[in-house]
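# Close look at the chain arrangement
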Amino acid sequence: MSDTRRVLCYYRMSPDGSRMVFGGRARFTQIDPTVSAPILHRYMTDRFPQLRGVKLTHAWTGNVAFTLDALPHMGECDGLHYCLGCNGSGVAMMTYLGCQTARKIARAANYACSFDTEAFPDHPLYSGNPWFLPVVGGYYRLRDSLDRLLA
Ligand SMILES: Cc1cc2nc3c(=O)[nH]c(=O)nc-3n(C[C@H](O)[C@H](O)[C@H](O)COP(=O)(O)OP(=O)(O)OC[C@H]3O[C@@H](n4cnc5c(N)ncnc54)[C@H](O)[C@@H]3O)c2cc1C
C-alpha cells in the first residue's frame, strides 16, 4: 500500500504477518540509515499511532534511478548493453528488461522491445548530480502540507 501524497510512504505487513515493513523518502539527499530511521519511524507512527513505542529492528536505504522521460530504457553504448531507469518501480520491470537484453545479446529476440531506444533522454543543465532534488522535494512536501491544511 502507499498513501496518496506526492512524497508518498509505502507499507505492508511481512509475509508472516509479524512485522510492518515501512518505506518512504526521509530526505532528498544521501543520508545514513541511522538518520533516516527516526524520521521514517515518525512518518510510520503519524499514520499508525498504535505503533508508538514499537521498536525498529532493521533500517536501510538505497538509490532509485529516475530518467528525464520517466521511462526505463534498454540499449547499447560502445558495445556495452544496458537496461536502467526503474523510476522507483523496477522489481518486475528490470527483471523483464534483463531478459530482453539477454535475448538481444543472444540474437534470440523475436521482436524489438519497445524500451530499446537509440536515444537516452538528457538535459544540457544536468551532469549527473541531482542538485535540484532537495528543492523539488521541498516543493512537493509543501504542496502536500497545503493540501492537508486546505482539506
Ligand atoms: C528503498 C527502495 C524501495 C523500493 N521499492 C520498490 C518497490 O516497492 N517496487 C519496485 O518495483 N521497485 C522498488 N524499488 C526499486 C527496485 O529496487 C529497483 O528498481 C531494482 O532493484 C533495480 O534492479 P536492477 O537489477 O536494475 O538493479 P539492482 O537491484 O540495484 O542490481 C544491481 C546489481 O549489480 C551489482 N553490481 C553493481 N556494480 C557491480 C559491478 N561493478 N560488478 C558486478 N556487480 C555489480 C549490485 O551489487 C547489484 O546486485 C525500490 C528501491 C529502493 C532503494
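Above: the structure in question.
Parameters and conventions
Residues numbered from 1 in each chain as written. Predicted model: local features only at pLDDT ≥ 70, side-chain atom pairs only at ≥ 80, totals over all residues. Heavy atoms only, no water. Core = buried A, V, L, I, M, F, W, Y, C linked by side-chain atoms within 4.5 Å. Buried < 20%, exposed > 50% of the residue type's maximum accessible area, 1.4 Å probe, protein only. Helix = DSSP H or I, 4+ residues; strand = E, 2+ residues; numbered from the N terminus. Contact = heavy atoms within 4.5 Å. Near = heavy atom within 4 Å. Polar contact = N/O pair within 3.5 Å; in protein donor to acceptor, adjacent residues only side chain to side chain. Areas by Shrake-Rupley, 256 points an atom, 1.4 Å probe, with all protein chains shown as cover. Nonpolar A, V, L, I, M, F, W, Y, C, P; charged D, E, K, R; others polar. Domains from an automatic or database assignment. Salt bridge = Lys/Arg side-chain N within 4 Å of Asp/Glu carboxyl O.

Moving on to the nonpolar core. Counting 10 residues, the largest nonpolar core is built from Cys 9, Tyr 11, Phe 22, Ala 26, Ile 31, Ile 39, Leu 40, Tyr 43, Met 44 and Leu 51. If one sorts the elements of this core by residue count, helix α1 (residues 33-47) sits on top with 4 residues. Apart from residues no more than four positions distant in its own chain, Tyr 11 is found in contact with Met 1, Ser 2, Asp 3, Met 20, Val 21, Phe 22, Arg 47 and Phe 48.

As a further point, take the site of the ligand. By nearness alone, every residue bordering the ligand is listed as Tyr 10, Gly 62, Asn 63, Val 64, Cys 86, Gly 88, Ser 89, Gly 90, Val 91 and Met 94. Within the backbone of Val 91, an N or O atom sits 3.0 Å from an oxygen atom of the ligand. When the free accessible area of the ligand is taken as 1000 Å², the share hidden by the protein chains comes to 32%. Among the residues making up the shell around the ligand, the classes are represented as 5 nonpolar, 5 polar and no charged. Residue assignment places the shell around the ligand across two domains, with domain 1 (1-63) and domain 2 (64-119) each supplying three or more.

Any two side chains of opposite charge can pair, given that their charged atoms come close. Applying the stated rule across the entire model yields 4 salt bridges. Notably, a salt bridge pairs Arg 6 with Asp 144, separated by 3.1 Å at the nearest N-O pair. A residue pair is termed long-range when its members are at least 10 positions apart, and Arg 6 in the segment before β1 (10-13) and Asp 144 in helix α3 (residues 133-150) qualify at 138 residues. Between Arg 6 and Asp 147 there is a salt bridge whose closest N-O contact spans 2.9 Å. Taken together, the positions of Arg 6 in the segment before β1 and Asp 147 in helix α3 put the pair 141 residues apart, joining distant regions of the chain. Judged by its relative accessible area of 35%, Arg 6 falls in the partly exposed class.

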